[in-house]
Amino acid sequence: MIKQWALMVLLAFSVSVQAQDSWQINLKDADISAFISQVADITGKSFVVDPRVKGKVNVLTSDAMDQDGVYELFLSVLQVQGYVAVPAGDVTLIVQQNEVKQQGRDLDTYVSDKSQELLTKVIMIRNTPALDLVPILRPLVAKYGHLAGVKSANALIISDHANNIKRIEQIIDRLDKSGSEELEVIQLKEAWVGNVVTMLQNLDPAKVSQGAAANANENTAGSIRVVADERSNRLIIKGEKSARERIRKLIEELDQPSYFSGSAKVIRLTYADATKLAELLKNLLSDGTGSAAEKDAAQAKGKAGIHADEELNALVVRAEPSLMKEIEELVAALDVRRAQVLIESAIVEVTGNIDDALGIQWATGNMDAPVAGTSFSNAGPSLSTIATGIATGDVSGLVGNGLTLGAYNEINGEVDFGVILQAIQSNSATNLLSTPSIMTLDNQEAEIIVGQNVPFRTGSTASSSNSNPFTTITREDVGITLKVKPHIHDGEAIRLEVEATAESVASTTVDGSADLITNKRSIKTMILSENEETIVLGGLIRDDVIETESKVPLLGDIPLLGWLFKSHSTAQVKSNLMVFLRPTIVNNAGIAKDITRDKFNGIWEFSVSDRLGVEQVDEQMNSMFRGLPVKSED
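These remarks concern the structure in this document. Sequence positions are assigned chain by chain, starting from 1 and proceeding in written order. pLDDT decides what is reported in this predicted model: residues at 70 or higher carry local features, side-chain atom pairs at 80 or more are listed and counted, and totals for whole chains, interfaces and linings draw on all residues regardless. Note that the side-chain values use all heavy atoms of the structure and ignore hydrogens as well as water.

1. Details of the pairing of strand β16 (residues 340–364)
Applied cut-off: Here, any two strands with at least 2 DSSP bridges between them count as paired. Numbered from the N terminus, helices here are DSSP runs of H or I no shorter than four residues, and strands are runs of E no shorter than two.
Direction of pairing for β16 relative to strand β20 (residues 437–441): antiparallel, over a ladder of five bridges. Bridging across to β20, Ile343 finds its partner in Ile438. As defined by bridge partners, β16 adjoins strand β26 (residues 566–586) across 20 bridges and the pair is classed as antiparallel. The residue of β26 that forms the bridge with Glu349 is Leu577. Where β16 meets strand β17 (residues 372–373), two bridges bridge the pair, whose relative direction is antiparallel. Of the residues in β17, the one forming a bridge with Thr364 is Ala372.

2. Regarding the sheet that holds strand β8 (residues 155–161)
Test applied: Orientation is described by lines fitted to C-alpha atoms, with helices fitted over the stretch in contact, and by angles between N-to-C directions that extend from 0 to 180 degrees. Any two residues having at least one pair of non-hydrogen atoms within 4.5 Å are treated as being in contact.
Spatial ordering of the open sheet is given by β6-β8-β7, a layout of three strands whose pairing is antiparallel. Both edges of this open sheet fall to β6 (118–124) and β7 (146–150), since each of them pairs with a single strand only. With strand direction ignored, the average angle separating the axes of adjacent strands in the sheet is 15°. Bridge analysis of β6 against β8 gives seven bridges, and the strand direction is antiparallel. Opposite Thr120, over in β8, you have Ser159 as the bridge partner. Strands β7 and β8 of the sheet are contacted by helix α3 (residues 130–137), whose axis makes an angle of about 160° with β7. Strands in contact with helix α4 (residues 162–175) are β6 and β8; relative to β8, the strand with the most contacts, it is inclined by about 145°.

3. Quick look at helix α5 (residues 193–203)
Where we set the bar: In this scheme, a residue with accessible area under 20% of its type's maximum is buried, one over 50% is exposed, and one in between is partly exposed, where area comes from a 1.4 Å probe on protein chains only. Here the arc refers to the set of directions running from the helix axis out to each C-beta atom.
Of the positions making up α5, those classed as buried are Val193, Gly194, Val196, Val197 and Leu200. The buried residues of α5 occupy an angular sector of 165° when projected down its axis, which confines them to one face. Exposed and oriented more than 90 degrees from the buried face of α5 are Asn202 and Leu203.

4. Focus: the sheet that holds strand β13 (residues 263–268)
Strand order across the open sheet formed by three strands is β13-β15-β14, with antiparallel pairing between neighbours. Where the open sheet ends on each side, the last strands, each with one partner, are β13 and β14 (305–309). Strand-to-strand twist across the sheet, computed as the mean angle between neighbouring axes with direction ignored, equals 20°. Of the pairings in the sheet, the one linking β13 to strand β15 (residues 314–319) comprises six bridges and is antiparallel in character. Opposite Ala264, over in β15, you have Arg318 as the bridge partner. In the packing of helix α7 (residues 274–285) onto the sheet, contacts are made with β14 and β15, and the angle to β14 comes to roughly 170°. On top of the sheet, helix α9 (residues 321–334) reaches β13, β14 and β15; it is set at about 155° to β15, its chief contact.

5. A word on the packing of aromatic side chains
Aromatic rings in a pair are described by how distant their centres are and how their planes are angled relative to each other. How we decide: Only the six-membered ring of Trp is used, alongside the rings of Phe and Tyr, when aromatic pairs are assigned; centres must lie within 6.5 Å, and planes under 30 degrees apart are stacked while those over 60 apart are edge-to-face, with the rest tilted. Placement of a charge over a ring requires the Lys NZ or Arg CZ to be within 6 Å of the ring centre, with the centre-to-atom vector within 35 degrees of the ring normal.
Enumeration over the complete set of coordinates arrives at three aromatic pairs. In this structure an aromatic cluster arises from ring pairing among Phe35, Phe47, Tyr71 and Phe74. One residue, Lys45, lies across the ring of Tyr71, its end atom 4.8 Å from the ring centre.

6. A few points about the pairing of β7
Examined bridge by bridge, β7 and β8 share five bridges and lie antiparallel to one another. Across the sheet, Ala148 pairs through a bridge with Ile157, a residue of β8. Where β7 hands over to β8, the hairpin turn is made up of four residues, of which Asn154 adopts a positive phi near 50°.

7. Re the side chain of Ser159
By secondary structure assignment, the location of Ser159 is in strand β8. In contact with Ser159, other than residues within four places in its own chain, are Leu119, Thr120, Val141, Gly145 and His146.

8. What about a nonpolar patch on the surface?
The condition that has to hold: In this scheme, patches are assembled from residues that exceed 30% relative accessible area and form no salt bridge. Like charges are connected within 9 Å, while nonpolar side chains (Val, Leu, Ile, Met, Phe, Trp, Tyr) are connected within 5 Å. With residues, only the protein chains shown are counted as cover, and all accessible areas are computed by Shrake-Rupley using a 1.4 Å probe. Any Lys or Arg side-chain nitrogen found within 4 Å of a carboxyl oxygen on Asp or Glu counts as a salt bridge.
A contiguous nonpolar patch, built from Leu183, Val185, Val227 and Ile236 and spanning about 330 Å² of accessible area, is present on the exposed surface. Residue position: Leu183 is located in strand β9 (residues 181–187).

9. Comments concerning a negative patch on the surface
What counts is decided by this rule: The sign given to each residue is positive for Lys and Arg and negative for Asp and Glu; His and the chain ends receive no count. Working definition for charges: the position is that of NZ of Lys, CZ of Arg, CG of Asp or CD of Glu.
Together, Glu445, Glu447, Glu476 and Asp477 line one region of the surface with negative charge. Tracing the chain through its elements places Asp477 in strand β22 (residues 470–489). The exposure class assigned to Asp477 is partly exposed, which follows from its relative accessible area of 44%.

Here's what the structure looks like:
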């Protein structure tokens, strides 16, 4: 049942709101304080009224309202009077409209879209720049409200009545359409995409951006984003339709044939070899393999002319800008400081010889024509040699190495019987240590030879019919040879192609002639080593035993007595040959200085100063190694 009530001037009465569920309000020249008090009774809300809130109100309603309707009517009356109701916790503040910006409810509190309550809201803008909407929407916001744009978040902050904010959101939704920005691909036929993008940015930096730089300008009205696809010489643009049309027309004007075919440039190299690098780039650019798209892209870039200037160690390149850029990037990646590798090797050979010889020689009868006797040469000079020397008076060489004992018996002044005992034992030991070392670049073969240039006879003639006898010779290097090619892997492991050779001239000759015999030890292998790791490449251990026995048949086999009819010698040769190697990676100047200093100090340890004089060595070494510390001896 609907009940009516009215408030008249000079008539005051109270209504019990607990007993009613609908109200109809009619006021004329009512005091606003009394109106606020009645609304508090109806809605059950607590109001805190600013002392400056004063005035008279007139309200006429024809339909009954519930509590929410009465409260909305109350908010409308306050708005007309220049006041607002701002919820603040458990109470509602009634203040003047010009103070509403400093007041407000929690942003997460739900308010009906049709409500007259004041609130603050953050509206995110998806496509349109937020700052472009501020001047459009500001007239729609109440004078006592607030509207601001946040460029970094592309959002709007608005304070106003809930129903007005809802209306503004509807306007934003119609303006902020994703279709306003679309992607478009433009294929260039003559111009290079890199140059076109640069020109577009120079013309209007605030409106045209590229790649990651687009984030700075994407919220500017009429802005456009440009991405260059260098592989296919295409431009990808994103922006509003009008902006895209404007940029497309400009690009069509720029995409015209050039009056000049490419440009020339000199690229100076720091580490790489100009001749080798030019050949590499020519082979790379002339490679016709690949997909159809890659061939089209290569054709769009044009051809390149690459020439090497060996004196300046530079490349002279003539190419289209797109190809020029690619060549410069390749050169920058290839022209880098290469690591070096110091290879130290040790060739150690220990040789020992043991020779034992024992022999007895005798003869009976006249020495000019002996009746019987023995003669052996494997223990010393033979008896026949000794007899010949005595007969001719030439006694040089009659006594060999080792022990020689002799006895004889004379009859009538002539030797009737003679005997000679010869015994010798010799030991010899040889210790050969060669330590060749060499430094080279990574992947670069190096070779060091330490030895002699020995002549070998290849032909001769000494015939009496030839008036011009001659001998032809050829010279060969005989000594220590180290040839190595390093390959560094992962900065630590090193793969080495090694060829080590040790040659020497033997003391023996061929059949007593002038021809030489050389001893040769060679290793050719490929190994994998860690940095500064000493490894063994290979070796040879040899033990040769040669026994020689000369005897008279049957008689020489008689126990004990048989020594009068035989001679025995034993030769034993033992040799041990080992080859060691240690690689060291030298990838900076500091390591190179440390290695050089160690080698320099090794010269002092070799007592060079004792042979040349301290002052002379100081002068020579300081001139060779400027800036390196010199080791001094006390």
